[in-house]
Amino acid sequence: MKPLSNERTIIFLISAIQFINILDFMIVMPLGPDFARALDIPASHLGYIAASYTIAASLAGLAGSFFLERFDRRRALLVALGGLIIATAAAGFAFDMSTLMLSRLAAGAFGGPASSLALAVIADAIPVARRGRAMGVVMGAFSVASVFGVPLGLELARHFGWRSPFFTVAALGIIIFLGVLAVFPSMTAHRRARGAGEAGLGTLLANPDVIASYLMTFVTMTAGFLIIPNISAYLQHNLGYPRAHIGLLYMVGGTFSFFFIRIAGALVDRLGSTRVGAGGSLLLCVVIFMGFVMTVPPLPVMVIFIGFMTAMSFRNVAYNVLTSKVPGPHERARFTSIQSTVQHLGTSSGAFMASQILGETGSHALTNMPLVGYIAIALSLLLPFLMHRVEGHVSQRAAAAATALPPA
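In short, a report on the structure. (Residues numbered from 1 in each chain as written. Predicted model: local features only at pLDDT ≥ 70, side-chain atom pairs only at ≥ 80, totals over all residues. Heavy atoms only, no water.)

## Description of the overall build of the chain
Counted only if it meets this: In this text, helices come from DSSP runs of H or I with a minimum length of four residues, and strands from runs of E with a minimum of two, each type numbered from the N-terminal end. Every residue pair with non-hydrogen atoms within 4.5 Å of one another is taken to be in contact. Accessibility throughout is a Shrake-Rupley quantity obtained with a 1.4 Å probe, and a residue counts as covered only by protein chains that appear here.
Helix and strand counts for the chain come out as 17 helices and two strands. Of the contacts made within the chain by residues no fewer than 6 positions apart, 85% connect residues no fewer than 24 positions apart. In the form shown here, the chain has an accessible surface area of approximately 17,700 Å², with 70% of it arising from carbon and sulfur atoms.

## A few points about the side chain of Gln236
Our working definition: Distance and chemistry together define a polar contact, namely a pair of N or O atoms within 3.5 Å, with one atom able to donate a hydrogen and the other to accept it when in protein, and with adjacent residues in sequence counting only for side-chain atoms on both sides.
Note on placement: Gln236 falls in helix H12 (residues 231-237). Of the polar contacts made by the side chain of Gln236, one reaches the side chain of Ser232; its length is 2.9 Å. Discounting residues that sit within four places of it in the chain, Gln236 has contacts with Pro33, Arg37, Tyr241, Arg243 and Ile246.

## Observations regarding the environment of Ala114
So the rule is basically this: Accessibility here uses a 1.4 Å probe with only protein chains present; expressed as a share of the type maximum, an area under 20% marks a residue as buried, one over 50% as exposed, and anything in between as partly exposed.
Looking at where Ala114 falls in the secondary structure, it is placed in helix H5 (residues 97-125). With relative accessibility at 0%, the residue Ala114 sits in the buried group. Spatially, the C-alpha atom of Ala114 lies 7.9 Å from that of Ile17, the residues being 97 residues apart in sequence. The contacts of Ala114, once residues within four sequence positions are left out, are Asn21, Leu77 and Ala80.

## Observations regarding unusual backbone geometry
Phi angles above zero are rare outside glycine, and Asp40 is one such case at about 60°. If you trace the backbone, Asp40 turns up in the loop between helix H2 (28-39) and helix H3 (46-67). Unlike most non-glycine residues, Asn368 shows phi in positive territory, near 70°. As for its placement among the helices and strands, Asn368 is situated in the loop between strand E2 (366-367) and helix H17 (369-404). Here Asn368 falls in the partly exposed class, since its relative accessible area comes to 43%.

## Let's talk about the pattern of salt bridges
Formally: One side-chain nitrogen of Lys or Arg within 4 Å of one carboxyl oxygen of Asp or Glu is enough to make a salt bridge.
A full pass over the atoms with the stated rule returns five salt bridges. Here Arg37 makes a salt bridge to Asp34, at a shortest N to O gap of 3.1 Å. Here the residue Arg37 and the residue Asp34 both occupy positions in helix H2, the gap between them amounting to three residues, near one helical turn. When its relative accessible area of 47% is taken as the criterion, Arg37 is described as partly exposed. Between Asp209 and Arg389 there is a salt bridge, with its nearest N and O atoms 2.7 Å apart. Of this pair, Asp209 sits in helix H11 (residues 208-227) while Arg389 sits in helix H17, and the two are 180 residues apart along the sequence.

## Some points on the side chain of Asn21
Here Asn21 is to be found in helix H1 (residues 3-26). Among residues more than four places away in sequence, those in contact with Asn21 are Tyr53, Leu84, Gly111, Ala114 and Ser115.

## Some details on the packing of aromatic side chains
Any two aromatic rings considered together are summarised by their centre-to-centre distance and by the angle between their planes. Put simply, the rule reads: The aromatic pairing rule takes the rings of Phe, Tyr and Trp, using the six-membered ring of Trp, and pairs them if the centres are within 6.5 Å, calling planes under 30 degrees apart stacked, those over 60 edge-to-face and the rest tilted.
Following the criterion strictly, the structure yields 12 aromatic pairs and no others. Judged by centre distance (5.9 Å) and plane angle (50°), the rings of Phe260 and Phe314 are tilted. Of this pair, Phe260 sits in helix H13 (residues 246-271) while Phe314 is found in helix H15 (residues 301-324), placing the two residues 54 residues apart along the sequence. The partly exposed category is assigned to Phe260, whose relative accessible area is 24%. Among the aromatic side chains, those forming a connected cluster through ring pairs are Phe25, Tyr53 and Phe225.

## A word on empty space enclosed by the protein
Inclusion rule: Cavities and pockets were defined on a 1 Å grid built over protein atoms only: a cavity is a set of grid points that admits a 1.4 Å probe from which the probe cannot escape, a pocket is an open set flanked by protein on both sides within 12 Å along at least five of seven lines, and lining residues are those with an atom within 4 Å of any such point. Grid points are joined across faces, edges and corners, and a volume is the space filled by probe spheres set on the points. Following the grouping adopted for this structure description, the nonpolar residues are Ala, Val, Leu, Ile, Met, Phe, Trp, Tyr, Cys and Pro, the charged ones are Asp, Glu, Lys and Arg, and the polar ones are all others, Gly among them.
Following the criterion strictly, the structure yields one cavity of 30 Å³ or more and no others. Size it by volume and the largest cavity reaches roughly 30 Å³. Every residue lining the largest cavity is listed: Leu235, Leu239, Gly291, Pro297, Val301 and Ile304. Within the lining of the largest cavity, the residues separate by chemical class into five nonpolar, one polar and no charged.

## Some points on a nonpolar patch on the surface
Note the cut-off: Only residues whose relative accessible area exceeds 30% and that form no salt bridge enter a patch; like-charged residues are grouped when within 9 Å of one another, and nonpolar side chains (Val, Leu, Ile, Met, Phe, Trp, Tyr) when within 5 Å.
There is a patch of nonpolar side chains on the surface, built from Ile174, Leu178 and Leu181 and spanning about 270 Å² of accessible area. With respect to the helices and strands, the residue Leu178 is situated in helix H8 (residues 164-183). The exposure class of Leu178 is partly exposed, given its relative accessible area of 48%.

## Points about H15
For clarity, the cut-off: Each residue after the first adds 1.5 Å to the expected span of a helix.
In this model H15 runs 34 Å from its N-terminal to its C-terminal C-alpha over 24 residues, within 8% of the 34 Å that 1.5 Å per residue would give. Of all 24 residues that make up H15, 18 are buried, and the element is covered over most of its length.

## Here we look at H8
Helix length check: H8, at 20 residues, gives a terminal C-alpha distance of 29 Å against a target of 28 Å (1.5 Å per residue), a fit within 8%. For H8, the full list of buried residues reads Ser164, Pro165, Phe166, Val169, Ala170, Gly173, Ile176, Gly179 and Val180.

## With respect to the nonpolar core
Stated precisely, the cut-off is as follows: Nonpolar cores are built from buried Ala, Val, Leu, Ile, Met, Phe, Trp, Tyr and Cys residues. Side-chain atoms within 4.5 Å join them into one set.
The biggest cluster of nonpolar side chains holds 115 residues, and the ones touching the most others in it are Ile14, Phe35, Ile227 and Phe308. Beyond its immediate stretch of four places on either side in the chain, Ile227 contacts Ile288, Phe292, Phe308, Met369, Val372, Gly373 and Ala376.

## A closer look at the packing of helix H4 (residues 73-92) against H8
Condition: The convention used is that axes are lines fitted to C-alpha atoms, helices contributing only their stretch in contact, and that angles between N-to-C directions extend from 0 to 180 degrees. Orientation labels follow simple angle bins: below 35 degrees gives roughly parallel, above 145 gives roughly antiparallel, 65 to 115 gives roughly perpendicular, and whatever is left gives oblique. Whether a crossing is left-handed or right-handed is set by the direction in which the near helix is turned from the far one by less than a right angle, anticlockwise for left-handed and clockwise for right-handed.
H8 packs onto H4 with a crossing angle of 165° between their chain directions and a minimal axis gap of 8 Å. Classified by the angle their axes make, H4 and H8 are roughly antiparallel. Where H4 crosses over H8, the handedness of that crossing is left-handed. Contact residues: H4 offers Arg74, Leu78, Leu81, Gly82, Ile85, Thr88, Ala89, Ala91 and Gly92, while H8 offers Phe166, Phe167, Val169, Ala170, Gly173, Ile174, Ile176, Phe177, Val180 and Leu181. Residues belonging to the contact of H4 with H8 are distributed by class as follows: 14 nonpolar, four polar and one charged.

This is the structure we're talking about:
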């Protein structure tokens with residue numbers, strides 16, 4: 001196989017792995033009311049199901065940062081992907097809340113390392129000159145999962161039961177597993193270079209900008225996941241939105257997100273992360289207030305959901321671009337590994353917090369949602385201040401580095 005053709009095959013398979021991994025995580029939240037009814041799980045406890053994945057993924061990601069570099073990338077990726085497939089299929093056999101949570105814990109324990117390894121493979125296999133485009137393709141898996149995967153999974157659940165999406169995702173995972181097994185070469189070059197130029201953990205955490213960046217990540221994810229796991233249940237049980245239209249809702253919202261992510265990236269390049277992040281955060285606060293704090297939203301559910309997805313796109317792109325500028329090249333690997341753990345801790349914290357606050361009426365409507373909304377708004381308003389601090393320091397560092405360069 002020619003090198004460029006081989007690169008394209010690797011990019012395709014890594015994108016497919018990310019698609020399966022993201023879909024496995026995303027489908028649980030809109031599917032929540034379906035399996036809650038079937039397994040007699042209180043709707044107010046759906047956040048526990050979502051959080052179980054992220055807690056396991058965060059712990060596995062942290063642990064993996066210390067030992068995954070010792071193994072052949074291909075072999076480690078196959079183990080992680082195989083475990084994710086088995087855990088996803090196990091969720092389809094769950095018979096109560098405990099067995100479902102156990103399967104989601106297992107999925108997170110393998111899914112977290114699978115995502116980290118997938119990105120590491122891209123960095124190892126794709127030359128720097130073509131790596132940006134490759135990463136763009138891989139990151140597009142989120143939009144594809146939102147636009148096509150989640151709506152299709154919801155339709156499968158509507159026609160064939162809530163277990164069918166888990167079995168379908170597992171079946172797709174088996175096909176991708178066989179593709180990796182057949183195509184991927186052994187990847188061990190990183191083991192020979194392991195430790196070269198890499199910053200120690202203590203040195204990394206002594207940097208105030210790193211700590212501020214991790215705090216920014218935690219606040220962003222916590223604010224979002226106070227709301228996200230409960231959207232489907234709230235729309236159906238509190239606002240009376242039809243279950244048959246939930247798939248269309250996610251498809252339209254995901255489509256808007258797909259386009260606005262690209263607009264947000266261009267605006268960050270022109271205006272800076274803080275301005276774009278502040279705009280996205282303010283829009284998110286308005287949407288949360290109108291859609292989840294006000295008892296009767298002043299706008300249609302579709303408009304509220306599109307606004308929510310759009311605001312999240314602007315905010316998330318801005319903070320991700322900014323955090324990518326914080327570490328130096330010699331400490332980027334360890335920084336991103338710990339950041340992944342912080343992201344998962346933030347999502348699980350938000351989901352658990354909401355589950356502790358929310359209650360449920362006899363008709364399955366969620367109570368205390370306005371309080372959850374106010375907490376999400378308060379956290380979202382912190383983000384622009386954190387971004388301003390980090391971006392200011394990053395800009396100062398870049399200016400100092402530029403002036404230190406010798407004249408051409």
